[in-house]
Amino acid sequence: MEQFASDEAVRKVHDLDTFLSFLETLFEDWEAASAANKSKPSSPYGSMYGWENTNIGDFLEAAVAGAKDNRLGKLGGTFADENAWRQAAQIILLGKVYE
């Protein structure tokens, strides 16, 4: 998977300030992908420069499904992280990438 700034930013989340920084980075990632898509549209069968879900409904559905399917926060789950701020950031990032 292509590495994006938001992927790195989620690993740095540990409190409110770093969570807000993550959200700012994710927003900048969205803005860059949207601008790139306007100048060179992505395939209708692929992601928009790393964004699988480009409307709020699909984004929220993917965040919830991704968290449930990956057993977020559960022992043995993909993101068995005790930091609630990082778990919230991981759920939001799943909204971007989960299909």
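In what follows, the structure referred to is the one given above.
## Concerning helix H2 (residues 16-39)
Step number 1: Spanning 24 residues, H2 covers 35 Å between terminal C-alpha atoms, matching the ideal 34 Å at 1.5 Å per step.
Step number 2: The complete set of buried residues in H2 reads Thr18, Phe19, Phe22, Thr25, Leu26, Asp29, Ala33 and Ser34.
Step number 3: The inward-facing, buried residues of H2 contact helix H1 (5-11) and helix H4 (84-97).
Step number 4: Where H2 begins, the capping side chain belongs to Asp15, and its oxygen is found 3.3 Å from the backbone nitrogen of Asp17.

## Section: the packing of helix H3 (residues 56-69) against H4
Step number 1: Here H3 crosses H4 at 120°, and the two axes come no closer than 7 Å. Compared by their axis directions, H3 and H4 come out oblique. Between H3 and H4 the crossing geometry is right-handed. Mapping the contact onto sequence places Phe59, Ala62, Ala63, Gly66 and Ala67 in H3 and Ile91, Ile92, Leu94, Gly95 and Lys96 in H4.

Analysis parameters
- Residues numbered from 1 in each chain as written.
- Predicted model: local features only at pLDDT ≥ 70, side-chain atom pairs only at ≥ 80, totals over all residues.
- Heavy atoms only, no water.
- Helix = DSSP H or I, 4+ residues; strand = E, 2+ residues; numbered from the N terminus.
- Expected span 1.5 Å × (residues − 1).
- Buried < 20%, exposed > 50% of the residue type's maximum accessible area, 1.4 Å probe, protein only.
- Contact = heavy atoms within 4.5 Å.
- Polar contact = N/O pair within 3.5 Å; in protein donor to acceptor, adjacent residues only side chain to side chain.
- Axes fitted to C-alpha atoms, helices over the stretch in contact; angles between N-to-C directions.
- Parallel < 35°, antiparallel > 145°, perpendicular 65-115°, else oblique.
- Left-handed = near helix turned anticlockwise from the far one by under 90°.

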